[in-house]
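Analysis of the macromolecular model
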Amino acid sequence: MKKINISTGGFKSHTALEIIDKMVENNIHNIELSGGKYDPLFEKNILSFYKIANLTFHNYFPPPEKSFVLNLASSDTEITKKSINHVVKAIDLSSSLGIKQYSIHAGFRIDPKVSELGKTVSSRKSLIPLEESKNIFYKNLYKISNYAKNKNINLYIENNVVTKTNFNAFGENPFLLASQDDLEEFVNVKPSCVKLLIDVAHLKVSANTLTFNPALTLKKLKKNISAYHLSDNEGLQDTNDKINSNSWFWEYLNKNADFFTIEVYKESIQSLKDQYKLVDNYLFGRN
């Protein structure tokens, strides 16, 4: 049975354990842990939860005590070190809990502040040259993918989102793996053990900014996509809106993907359960 997860990313003011407890109480057991409040007791207390919930970790999870922006394409050696250490820790923790999947975002050509995430990034920051940024990213990706492989963890890389405001601030795209060309290049040069995760909402915004057809991109890369994040928006910003029966992406999804994560924010637990039923029905006809 294909796995459908619900992301905790919309519950930023709560700890992961608080959200897991609430979701399990409401009969939600497939949970992708993303962000949230730092919890010094998380690693100790997670042992009481992972047996009653099917958990996976995403990107900046578990959140560290001192916040930073995870960037595997940074030219700043300290940020690179922190990023790799975070990924290694997440892989180790996943392995100890028997979790087989871990996903992270592709890198950036800038080092934004934590407060700038999801917003317009200051154009005062200088862009790392594109080829240099790619070289750093793929070098680090090969390093962490080998580590993940040795731990028997499947590593997934997610496409970035570029808004018109961020594109205009720099006069070009400051993020890796946002355009169709980037995605096509990625599937050809990535480590063989690394898989592609497509966030359809990121793709919609990036396509609007960079003027390509997101449906054609999904269709062209369908066999190369191993996981999805599902939410919707108006094409201008990644707002993590609810999906519905008319959402644009349904017919282009690879139903043989490893997992599908509902990444809808600002909704009640019951609303998220309804979103789960919608996805389950449209993909697999099980409701």
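The notes below deal with the structure included here. What you are looking at is a predicted structure, and each value in this text was computed from that prediction instead of being measured.

Rules behind the numbers
Residues numbered from 1 in each chain as written. Predicted model: local features only at pLDDT ≥ 70, side-chain atom pairs only at ≥ 80, totals over all residues. Heavy atoms only, no water. Buried < 20%, exposed > 50% of the residue type's maximum accessible area, 1.4 Å probe, protein only. Helix = DSSP H or I, 4+ residues; strand = E, 2+ residues; numbered from the N terminus. Pairing = 2+ DSSP bridges. Core = buried A, V, L, I, M, F, W, Y, C linked by side-chain atoms within 4.5 Å. Contact = heavy atoms within 4.5 Å. Salt bridge = Lys/Arg side-chain N within 4 Å of Asp/Glu carboxyl O. Axes fitted to C-alpha atoms, helices over the stretch in contact; angles between N-to-C directions. Parallel < 35°, antiparallel > 145°, perpendicular 65-115°, else oblique. Left-handed = near helix turned anticlockwise from the far one by under 90°. Nonpolar A, V, L, I, M, F, W, Y, C, P; charged D, E, K, R; others polar. Lys, Arg positive; Asp, Glu negative; His and termini not counted. Polar contact = N/O pair within 3.5 Å; in protein donor to acceptor, adjacent residues only side chain to side chain. Phe/Tyr/Trp six-rings, centres within 6.5 Å; stacked < 30°, edge-to-face > 60°.

1. A closer look at the pairing of strand β6 (residues 194-199)
Burial analysis of β6 places 5 of its 6 residues in the buried class, the great majority of the element. Summarising the sheet, strand β5 (residues 154-158) and β6 pair through 4 bridges and their orientation is parallel. When the bridges of β6 are listed, Glu158 appears paired with Leu197. Bridge count between β6 and strand β7 (residues 225-230): 4 bridges; the pairing is parallel.

2. A short note on the nonpolar core
General note: in soluble globular proteins, nonpolar side chains tend to be found buried as a group. Counting 74 residues, the largest nonpolar core has Ile20 and Tyr228 as the members making the most contacts within it. Setting aside its immediate chain neighbours within four residues, Tyr228 contacts Leu197, Ile198, Val200, Leu218, Lys222, Tyr252, Leu253, Asn254, Ala257, Phe259, Phe260 and Thr261. Ranked by size, the runner-up nonpolar core spans 7 residues in total, among them Phe108, Ile110, Val162 and Ala178.

3. Let's talk about the pattern of salt bridges
Following the criterion strictly, the structure yields 7 salt bridges and no others. Across the salt bridge formed by Arg109 and Glu172, the nearest N and O atoms sit 3.0 Å from each other. With Arg109 in the loop between β4 (101-105) and α4 (130-150) and Glu172 in the loop between α5 (164-170) and α6 (180-189), this pair connects stretches of sequence that are 63 residues apart. Take Arg109: its relative accessible area is 5%, and that puts it in the buried class.

4. Some thoughts on the packing of α4 against α6
Where α4 contacts α6, the axes come no closer than 13 Å and their chain directions differ by 40 degrees. In terms of their interaxial angle, α4 and α6 are classed as oblique. In this structure, the crossing between α4 and α6 has a hand that is right-handed. Of the residues in α6, those in contact with Lys134, Tyr138, Leu141 and Tyr142 of α4 are Asp182, Glu185, Phe186 and Val189. Residue composition of the contact of α4 with α6, by class: 5 nonpolar, no polar and 3 charged.

5. With respect to the sheet that holds β4
Two pairing modes exist for strands in a sheet, parallel and antiparallel, and in both the strands are linked by backbone hydrogen bonds. One closed barrel accounts for 8 strands, arranged β1-β2-β3-β4-β5-β6-β7-β8; its pairing is parallel. Between one strand and the next, the sheet's axes are offset by a mean angle of 30 degrees, whatever the strand orientation. The strands touched by α6 are β5 and β6; relative to β6, the strand with the most contacts, the crossing angle is about 160 degrees.

6. Some thoughts on the side chain of Asp199
With respect to the secondary-structure elements, Asp199 resides in strand β6. Of the side chains bearing the opposite charge, Lys204 lies closest to the buried Asp199, which forms no salt bridge; the N-O distance is 11 Å. A distance of 2.9 Å separates a polar side-chain atom of Asp199 from the backbone nitrogen of His202. Discounting chain neighbours no more than four positions away, the residues touching Asp199 are Glu158, Asn159, His229 and Glu263.

7. Looking at the packing of aromatic side chains
According to the stated counting rule, one finds 13 aromatic pairs in the structure shown. Where Phe108 meets Phe175, the ring centres are 5.5 Å apart and the plane angle is 80 degrees; that geometry is what we call edge-to-face. In this pair, Phe108 is assigned in the loop between β4 and α4 and Phe175 in the loop between α5 and α6, connecting sequence segments 67 residues apart. For Phe175, a relative accessible area of 9% gives the class buried. Here the aromatic residues Trp248, Phe249, Trp250 and Tyr282 are joined through ring pairs into a cluster of three or more.

8. Describing the side chain of Ser226
The topology assignment puts Ser226 in strand β7. Judged by its relative accessible area of 17%, Ser226 falls in the buried class. Not counting residues up to four positions away in its chain, the partners in contact with Ser226 are Tyr156, Lys195, Leu196, Ala257, Asp258 and Phe259.

Everything listed here is a matter of coordinates, which is why it stays silent on function.
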